[in-house]
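Observations on the model geometry
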Amino acid sequence: MSQRFSRRAFVGAATATLVSPAILRAAEPIKIRCSLDTAPSHPRNVAMVDYFEKLGKASNGEIQGEVFHSGQLFADLNVSKALLQGQVEMAAPGAWTLTGLVPDCDMVQLPYFYGVPTEITHKATDGKPGQRINQELEAKLKSQVLGPWIDLGFQNWYSTKTPLDKFSALKGLKIRSPGGSAISWRIKFAGGIANTTAWPNVPLALSQGTFDAFVSTDESCNSAKLWEAGVKHCYADHQFMSQYVPMMSRIFTAKLTPAQTKMMLDLWQANIADYRKGSATSQANARGILEKNGVKFHDPSAEESAATRKAMMADIQTLIKDAKLSPEVVSLVKDAVG
């Protein structure tokens, strides 16, 4: 009797030993690494950190995310390749950095969006034009778009030495572009010389005089403290509303149940309005900080903006050709913005 008991005990112990690693593995959370190349105080970073905190609670700890700030993993200009290869689970690159893969991402560079309210951009990116682009990105990058794009803010011109009190002041300047054929077109339209430099390298490049001016937003300048690199002027023409496209690698989403995927998408949808409000507040606060640190702003009048927009419209076919925008997306934009 005692021998039989002993064997049972041994078999039971052996079974427990074999089972417990599987149980432990099942209990381990699904982890997400999100690569961003902006500083922790940047509104995109703040939004993603908040989203992951909410996701951890909503999933009861089953899904845990971590944001890698300031280009620790990848710069936006090359994070799409990392997303495709599964080297990172999530990213939210600027739409302008994705134009090499999907040229239609440059649709917001069309003159229809120059110097107009944010709501006009949302009509396009949240509507049929944006849906078309999401489908193209998902196919090219084997990814899934999380939901509506994150607002960064209006893009303006900034310079170190040259006062920017009129659009024509940009003529002849070496101007850094964040990427994309359409921004290069606008720089050429202004009479400038385009230079593409990854964002993490901008402060050093500015201080070394690699370029004279650049295209960016108030908050991006603020979070990088670019007044310390010599920025002194801004022509705040709101040339377009820049946005980030939040995407998840399909390699990652394959690990999720349908219910978990739905939860992530629903959670993003429920919070995107707050993230966009946060970006707008952040941009307004950033301008105040830049002004306190000596940056002089010129806000073009409605007449100035209208005149520049009209001149751009006269050259819109060059923009469409250079940016390789599809006739379909241009038509969808016209319908969306009226």
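First, a word on what this report is: a plain description of the structure on this page. (Residues numbered from 1 in each chain as written. Predicted model: local features only at pLDDT ≥ 70, side-chain atom pairs only at ≥ 80, totals over all residues. Heavy atoms only, no water.)

**Some details on the pattern of salt bridges**
Threshold: When a carboxyl oxygen of Asp or Glu is within 4 Å of a side-chain nitrogen of Lys or Arg, the pair counts as a salt bridge. Each helix is a run of DSSP H or I of at least 4 residues and each strand a run of E of at least 2, with the numbering of both proceeding from the N terminus. For each residue, the accessible area found with a 1.4 Å probe, counting protein chains only, is set against the maximum for its type, and the residue is called buried under 20%, exposed over 50%, and partly exposed in between.
Summed over the entire model, instances satisfying the criterion amount to 13 salt bridges. A salt bridge links arginine 44 to aspartate 76, with the shortest nitrogen-to-oxygen separation between them at 2.9 Å. In this pair, arginine 44 is assigned in helix H2 (residues 43-58) and aspartate 76 in helix H3 (residues 76-84), connecting sequence segments 32 residues apart. On the accessibility criterion, aspartate 76 (5% relative accessible area) is buried. With its nearest N and O atoms 3.4 Å apart, the salt bridge here joins aspartate 165 to lysine 166. You can call lysine 166 partly exposed: its relative accessible area is 42%. A network of salt bridges, in which partner residues are shared, links Asp104, Arg132, Glu136 and Glu328.

**Things to note about the sheet that holds strand E2 (residues 63-68)**
This is how it is decided: DSSP bridges decide pairing: two strands pair if at least two such bridges lie between them. Contacts were defined at the residue level, with two residues in contact if any of their heavy atoms lie within 4.5 Å. Here the axes come from fitting lines to C-alpha atoms, over the contacting stretch only for helices, and the angles between their N-to-C directions go from 0 to 180 degrees.
One open sheet accounts for five strands, arranged E2-E1-E3-E10-E4; its pairing is mixed. The open sheet has two free edges, formed respectively by E2 and strand E4 (143-145), since each of these has just one partner strand. Judged from the two bridges that link them, strand E1 (residues 30-35) and strand E3 (residues 90-91) form a sheet pairing that is parallel. The residue bridging cysteine 34 from the neighbouring strand is methionine 90, located in E3. Where helix H5 (residues 128-141) meets the sheet, its contacts fall on E4 and strand E10 (247-249), and the angle it forms with E4 comes to roughly 160°.

**Comments concerning the packing of H2 against helix H10 (residues 258-292)**
Put simply, the rule is: Here the angle decides the label: under 35 degrees means roughly parallel, over 145 means roughly antiparallel, 65 to 115 means roughly perpendicular, and every other value means oblique. Handedness of a crossing follows from how the near helix is turned relative to the far one, being left-handed for an anticlockwise turn of less than a right angle and right-handed for a clockwise one. Residues are grouped as follows: Ala, Val, Leu, Ile, Met, Phe, Trp, Tyr, Cys and Pro are nonpolar; Asp, Glu, Lys and Arg are charged; all remaining types, including Gly, are polar.
Look at H2 against H10: their axes get within 10 Å of each other, and the N-to-C directions meet at 150°. Here H2 is positioned roughly antiparallel relative to H10, judged by the angle of their axes. You can see that H2 and H10 cross each other, and the crossing is right-handed. Counted together, Pro43, Ala47, Met48, Asp50, Tyr51, Lys54, Leu55 and Ala58 of H2 and Met263, Met264, Leu267, Trp268, Asn271, Tyr275, Ser279 and Ser282 of H10 form the full contact between these two elements. Taken together, the residues that form the contact of H2 with H10 break down as eleven nonpolar, three polar and two charged.

**Considerations on the sheet that holds strand E8 (residues 213-216)**
Sheet architecture is open: six strands sit in the order E7-E6-E8-E5-E9-E11, paired in mixed fashion. Of all strands in the sheet, those with a lone pairing partner are strand E7 (193-196) and strand E11 (296-298), marking the two edges. Shown here is a sheet whose adjacent strand axes are inclined to one another by a mean of 35°, direction ignored. Each of strand E5 (150-159), strand E9 (233-244) and E11 touches H10; the most contacted strand, E5, lies at about 20° to it.

**Looking at the pairing of E7**
In plain terms, the rule: By convention a crossover is right-handed if, when the strands point away from the viewer, the path from the first strand over the helix to the second runs clockwise.
Sheet topology places strand E6 (residues 174-177) next to E7; four bridges connect them, and they run parallel. For lysine 174, the partnering residue across the bridge sits in E7 and is isoleucine 193. Each parallel crossover has a hand, and the one from E6 via helix H6 (residues 181-189) to E7 is right-handed.

**Some words on the side chain of threonine 121**
Turning to its location among the elements, threonine 121 is positioned in helix H4 (residues 118-125). Judged by relative accessible area, which is 1%, threonine 121 ranks as buried. Apart from the residues within four sequence positions on either side, threonine 121 is in contact with Val108, Phe113, Met241 and Gln243.

**Topic: the state of the cysteines**
The cut-off we apply is this: We call a pair of cysteine sulfur atoms a disulfide when they lie within 2.5 Å.
Evaluated as defined, the whole model comprises zero disulfides. This cysteine, cysteine 105, is not joined by any disulfide, and cysteine 34 carries the nearest cysteine sulfur, 17 Å off. Residue class for cysteine 105 comes out buried when judged on its relative accessible area of 1%. Here cysteine 221 stays unpaired: no disulfide links it, and the sulfur of cysteine 234, its closest cysteine neighbor, is 7.3 Å away. Overall, cysteine 221 belongs to the buried group, its relative accessible area being 0%.

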